[in-house]
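What follows is each chain in one-letter form.
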Amino acid sequence: MRAHCAAIAKEEAVLREGGGKAGHERQRKMGRLPVRERLSLLLDKNSPFFEIGLWAAYKMYEQWGKIPAAGVVAGIGNVEGVPCMIIANDATVKAGAFFPQTTKKVIHAQRIAFECSLPIVYLVDSAGVFLPMQDEIFPDEDDFGRIFRNNSVISAAGIPQFAAIMGNCVAGGAYLPVLCDKILMTKGSGLYLAGPSLVKAAIGQVVDAEELGGAQMHAEISGTVDFYEKDDPSCLKRLRSLIALLPEAKEPEASRVPKETAKPAKNPDGIYDLISFDGQKQYDVRDLLATVVDANSVDEYKADYGKTIVTAYAHIGGRPVGIVANQRLQVRTKKEGIQMGGVIYSDSADKAARFVMDCNQTSLPIIFFQDVTGFMVGRDAEESGIIRSGAKLVNAVSNSVVPKITVVVGGSFGAGNYAMCGKAYDPRFIVAWPTARYAVMGAAQASDTVFAILVRARERGDKKATHEELEELRAKVKQSYEEQTDIRYGAAHGWVDAIIQPHETRNILAQVLPYVSRPTPKGHFHTGVIQV
């Protein structure tokens, strides 16, 4: 397990290099900094940066080459002491062009910022939509246009948005900065609805890029740009000074960042000995929680009832939370006898639903620890009302209004994913360990089912399959399904925000809990900031 986690960390280091050495050199030739160097100048020194979507687009568009992190860096970090959502195009990856997962990643980052009331900083350096895939990027409700709709709604909610144009900003993408509160633009950058070649083709006008949409033109003639900057460092310095004007930046440091004095009961490194790489080893989830929550802070709720889910009140870094976690030990109940670990039974579903309701009564954020194989099946389970109990839990999680955070530590299968606050149930953040697995059912059961369907389909044809062909088909189906259950596949598709190292779980939760605890903006109709 340690080796696998280390391998994942090594892959992430490569993803952070973006377009690699050649791409970085190309940026510097144009007098621009690579995206992560921009971040280092923008963010406060030695403050943590919680990155989301690093694995976005992983192995998804191989016919077009590698698209590390979907060509955009997104995450939360402090600027002048103010936690901000940063969304920054990586021009070393296909000139910062938008692929389908790029768009979904940006929209997701905007949603997190809105729900956590975080100021947003856009570092714009993009060639716009990747035209060969325009039909998957342009038209739908979760595609490119949704970004600008979100800009408008976020502005109307009173959440500050800053845009720094530090390269290309063309076509529909030009609306993003103009819908923000403040616009900065560096010398040599371009902001226009159509570039020089498209203008010539459309209306026959010959005009160079600087005259058409350069920083000086927008600063002096169109009046679109608020701050004209000579280069990247001066632009980022100006951004920091503008964010320092926010009321939150003037708050005393002590009131902004609670000092953590509490420690966990057990060493977080012990997680690697507790849980096996293949997920087959039984373990007591209370031992896992002891590496995450503050020592002596746990008050377990209904400890002797519904034992395959552990529910508890606890603190992390001094902040109170509710915990809902799958128990992976085999347990014994007085009424039903032996119950399998990782399975949700009627009593555990009832207990968890009641606990979620209680957390909402007392405004406690809820953290879900998923290692679930699904709901119990069979005659006895059906007679116990498993569907009814499961519906109660799904209903409670769906209607929960307190912030939710989900940590996938092992399996996340079937309806268990739903009941334990999977992606579809709006957790503010959802993170996973490298060993996590995400699918509608386990690989063995699913591959056998899919194989049986394919065999029947073949047998309906004229040519019957040989034994060797069937065995080859079985192996191929199983391999394909196992690839899809790999958490990197899920992270590439945006089903989790980040793959985290198990021993860092407590630190990550302590980092994001202050974000989810910020007051949510209240919607009311007005237009926000409109440029004149």
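Anyway, here's the lowdown on the structure attached to this text. (Residues numbered from 1 in each chain as written. Predicted model: local features only at pLDDT ≥ 70, side-chain atom pairs only at ≥ 80, totals over all residues. Heavy atoms only, no water.)

## Some thoughts on empty space enclosed by the protein
- Evaluation of the coordinates by the stated rule reveals three cavities of 30 Å³ or more.
- In this structure, the largest cavity occupies an estimated 170 Å³ of space.
- Around the largest cavity sit 15 residues that line it, and Asn89, Phe98, Val124, Ser126 and Leu176 are the ones nearest its centre.
- Secondary-structure elements contributing two or more residues to the lining of the largest cavity are strand 3 (82-89), strand 4 (120-126), helix 5 (144-156) and strand 5 (161-170).
- The element best represented in the lining of the largest cavity is strand 4, accounting for four residues.
- When grouped by side-chain class, the residues that make up the lining of the largest cavity number eleven nonpolar, four polar and no charged.
- What the second largest cavity holds in volume is close to 50 Å³.
- Around the second largest cavity, the lining comprises 13 residues; the ones closest to its centre are Ile275, Ser276, Gly279, Asp371 and Gly410. (1 Å grid on protein atoms, 1.4 Å probe; cavity = no way out; pocket = protein on both sides within 12 Å on 5 of 7 lines; lining within 4 Å. Points joined across faces, edges and corners; volume = space filled by probe spheres on them. Helix = DSSP H or I, 4+ residues; strand = E, 2+ residues; numbered from the N terminus. Nonpolar A, V, L, I, M, F, W, Y, C, P; charged D, E, K, R; others polar.)

## Some details on helix 4 (residues 100-115)
- Taking 1.5 Å as the rise per residue, helix 4 with 16 residues should run 22 Å; its terminal C-alpha atoms sit 23 Å apart, in good agreement.
- Burial within helix 4 is extensive, with 13 of its 16 residues counted as buried.
- One or two positions beyond helix 4, positive phi appears at Ser117, with a value near 55 degrees. (Expected span 1.5 Å × (residues − 1). Buried < 20%, exposed > 50% of the residue type's maximum accessible area, 1.4 Å probe, protein only.)

## Details of the pairing of strand 18 (residues 429-432)
- Residues Phe429 and Val431 point to one face of strand 18 and Ile430 and Ala432 to the other, with burial holding for every one of them.
- Bridge count for strand 17 (residues 404-413) against strand 18 is four bridges, and the pairing is parallel. Its bridge partner being in strand 18, Val407 is matched across the sheet by Val431.
- Taken together, strand 17, helix 17 (residues 414-419) and strand 18 constitute a β-α-β crossover, and its handedness is right-handed.
- Bridge count between strand 18 and strand 20 (residues 498-499): two bridges; the pairing is parallel. Bridging from a neighbouring strand, Val431 pairs with Ala498 of strand 20. (Pairing = 2+ DSSP bridges. Right-handed = clockwise from strand over helix to strand, strands pointing away.)

## Considering the pattern of salt bridges
- Considering all chains together, one arrives at 25 salt bridges under this definition.
- Here Arg16 makes a salt bridge to Glu51, at a shortest N to O gap of 3.7 Å. In this pair, Arg16 is assigned in the loop between helix 1 (2-15) and helix 2 (20-29) and Glu51 in strand 1 (residues 50-52), connecting sequence segments 35 residues apart.
- The shortest N-O distance in the salt bridge between Asp287 and Lys266 comes to 2.9 Å. In this pair, Asp287 sits in helix 13 (residues 285-290) while Lys266 sits in the loop between helix 11 (253-256) and helix 12 (271-274), placing the two residues 21 residues apart along the sequence.
- The exposure class assigned to Lys266 is partly exposed, which follows from its relative accessible area of 39%. (Salt bridge = Lys/Arg side-chain N within 4 Å of Asp/Glu carboxyl O.)

## Digging into the nonpolar core
- By size, the foremost hydrophobic cluster in this structure holds 79 residues, and its most contacted members are Met85, Leu288, Ile323, Ile367, Phe369, Phe429 and Trp433.
- Top contributing element to this core by residue count: helix 21 (residues 505-516), with six residues.
- Filtering out sequence-adjacent residues up to four positions away, Met85 remains in contact with Ile52, Gly75, Ile76, Ala109, Ile112, Ala113, Leu118, Pro119, Ile120 and Val121.
- Core analysis: the second largest hydrophobic core is formed by 23 residues, Val82, Phe162, Leu184 and Leu246 among them. (Core = buried A, V, L, I, M, F, W, Y, C linked by side-chain atoms within 4.5 Å. Contact = heavy atoms within 4.5 Å.)

## Concerning the packing of helix 3 (residues 35-42) against helix 10 (residues 232-243)
- Closest axis-to-axis distance for the helix 3/helix 10 pair is 9 Å, and the angle between their directions is 40 degrees. Of the possible angle classes, the one that applies to helix 3 and helix 10 is oblique. The crossing of helix 3 and helix 10 is right-handed. Along the contact surface, helix 3 presents Arg38, Leu41 and Leu42, while helix 10 presents Asp232, Pro233, Leu236, Leu239 and Arg240. (Axes fitted to C-alpha atoms, helices over the stretch in contact; angles between N-to-C directions. Parallel < 35°, antiparallel > 145°, perpendicular 65-115°, else oblique. Left-handed = near helix turned anticlockwise from the far one by under 90°.)

## Things to note about unusual backbone geometry
- Positive phi, normally seen in glycine, also occurs at Asn46, with a value near 60 degrees.
- The residue Asn46 is located in the loop between helix 3 and strand 1 in this model.
- Phi at Lys59 takes a positive value of approximately 60 degrees, unusual for a residue other than glycine.
- Mapped onto the secondary structure, Lys59 falls in the loop between strand 1 and strand 2 (72-79).

## Quick word on the side chain of Ser126
- Its place among the elements puts Ser126 in strand 4.
- Of the residues examined, Ser126 reaches a relative accessible area of 6% and is grouped as buried.
- A polar contact is formed between the side chain of Ser126 and the backbone oxygen of Gly96, at a distance of 2.7 Å.
- Once you skip the residues sitting within four places of it in the chain, Ser126 turns out to touch Asn89, Ala95, Gly96, Ala97, Phe98, Asn168, Cys169 and Val170. (Polar contact = N/O pair within 3.5 Å; in protein donor to acceptor, adjacent residues only side chain to side chain.)

## Examining the pairing of strand 5
- For strand 5, the tally of buried residues reaches nine of ten residues, placing the bulk of the element in the interior.
- When strand 4 meets strand 5, the two strands line up parallel, connected through six bridges. Note that in strand 5 the partner of Tyr122 across the bridge is Ala163.
- Between strand 4 and its parallel partner strand 5, the chain crosses via helix 5, and the hand of that crossover is right-handed.
- Here four bridges tie strand 5 to strand 6 (residues 182-186), and the two strands are oriented parallel to one another. Within strand 6, the residue paired with Ile165 across the bridge is Met185.
- Strand direction decides the pairing type here: strand 5 and strand 7 (residues 190-192), joined by three bridges, are parallel. When the bridges of strand 7 are listed, Cys169 appears paired with Leu191.

## As for the packing of aromatic side chains
- Scanning the entire structure with this criterion turns up 14 aromatic pairs.
- Taking the centre distance of 4.2 Å and the plane angle of 20 degrees together, the rings of Phe99 and Phe130 count as stacked. Taken together, the residues span a long stretch of sequence, with Phe99 in the loop between strand 3 and helix 4 and Phe130 in the loop between strand 4 and helix 5 at a distance of 31 residues.
- Three or more aromatic residues joined by ring pairs form one cluster here, namely Tyr61, Trp64, Phe99 and Phe130. (Phe/Tyr/Trp six-rings, centres within 6.5 Å; stacked < 30°, edge-to-face > 60°.)

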